[in-house]
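A look at the structure
One-letter residues, chain by chain:
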Amino acid sequence: MLRDRLLDLLEWAREKGLLVEHSSSELQFKITPVITVYPTGKLYVRFGKGNESKLPKLRRQKLLEELQKLKMLSPEIKDADSVEDGRQTLRGIHELSEEEFRHLKELFEELFLQT
C-alpha cells in the first residue's frame, strides 16, 4: 500500500504541475515548496510563519486545520504562525483511508492551484 500511495501521489503531483525539482541525497519528492514527501509515507509540511512567501496566512491556517482533521498533525497547534517552519505528519499517506487520501489531494489542489 505504501508503494502504491507514493507512486499515486508522485504521478498526481506531476500531472497537476505541482512537482518541484530539487536536489537531495535522500529519496523524497516535493509537492510545491511547502510539502516534502518521504519514502516512509510521512510528509513534512511547511505551514509555519517562516513560509509566508510560499503560502499566505489563511491558506497555511487551512492546511494546518485540514491536516489536523485527518489526524496528521497535532491538535495542540492552534495557529500556523505559532510554528516557525513546519512539522512532520503523525500519519503517513499509506495510513489514510481512500476517502482521506482523496481529501488530501483535493486539499492540495485547492490550496496550491489557486490563482
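In what follows, the structure referred to is the one given above.
Read on for an overview of the structure. Since this is a predicted model, take the numbers as computed values, not measurements.

**Points about the packing of aromatic side chains**
Tallied over the entire structure, the rule returns 2 aromatic pairs. Their ring planes at 45° and their centres at 5.7 Å tell us that Phe108 and Phe112 sit as a pair that is tilted. Of this pair, Phe108 and Phe112 both sit in helix 3 (residues 98-112), 4 residues apart, roughly one helical turn. Classification of Phe112 by relative accessible area gives buried; the value is 14%. Taken together, the ring pairs connect Trp12, Phe108 and Phe112 into an aromatic cluster. When the ring centre of Phe101 is taken as reference, the NZ or CZ atom of Arg5 above it lies at 4.4 Å.

**Structural notes on the environment of Leu90**
By the element assignment, Leu90 lies in the loop between strand 5 (87-88) and helix 3. Remark: the alpha-carbon pair of Leu90 and Ser74, spanning 16 residues in sequence, is separated by 7.6 Å.

**Quick word on helix 3**
Here helix 3 spans 21 Å end to end across 15 residues, near enough to the 21 Å set by a 1.5 Å rise per residue. Residues of helix 3 that are buried include every one of Phe101, Leu104, Lys105, Leu107, Phe108, Leu111 and Phe112, and no others. The buried residues of helix 3 occupy an angular sector of 155° when projected down its axis, which confines them to one face. In helix 3, those exposed residues whose orientation departs by more than 90 degrees from the buried face are Glu98 and Glu99. Contacts from the buried residues of helix 3 go to helix 1 (2-16), strand 2 (29-31), strand 3 (35-37), strand 4 (43-45) and helix 2 (57-69).

**Structural notes on unusual backbone geometry**
For Thr32, which is not glycine, the phi dihedral falls at a positive 60°. With respect to the helices and strands, the residue Thr32 is situated in the loop between strand 2 and strand 3. Backbone geometry places Lys71, a non-glycine residue, at a positive phi of 60°. Locating Lys71 in the fold gives a position in the loop between helix 2 and strand 5. Judged by its relative accessible area of 58%, Lys71 falls in the exposed class.

What counts as what
Residues numbered from 1 in each chain as written. Predicted model: local features only at pLDDT ≥ 70, side-chain atom pairs only at ≥ 80, totals over all residues. Heavy atoms only, no water. Phe/Tyr/Trp six-rings, centres within 6.5 Å; stacked < 30°, edge-to-face > 60°. Helix = DSSP H or I, 4+ residues; strand = E, 2+ residues; numbered from the N terminus. Buried < 20%, exposed > 50% of the residue type's maximum accessible area, 1.4 Å probe, protein only. Lys NZ or Arg CZ within 6 Å of the ring centre and 35° of its normal. Expected span 1.5 Å × (residues − 1). Arc of directions from axis to C-beta. Contact = heavy atoms within 4.5 Å.

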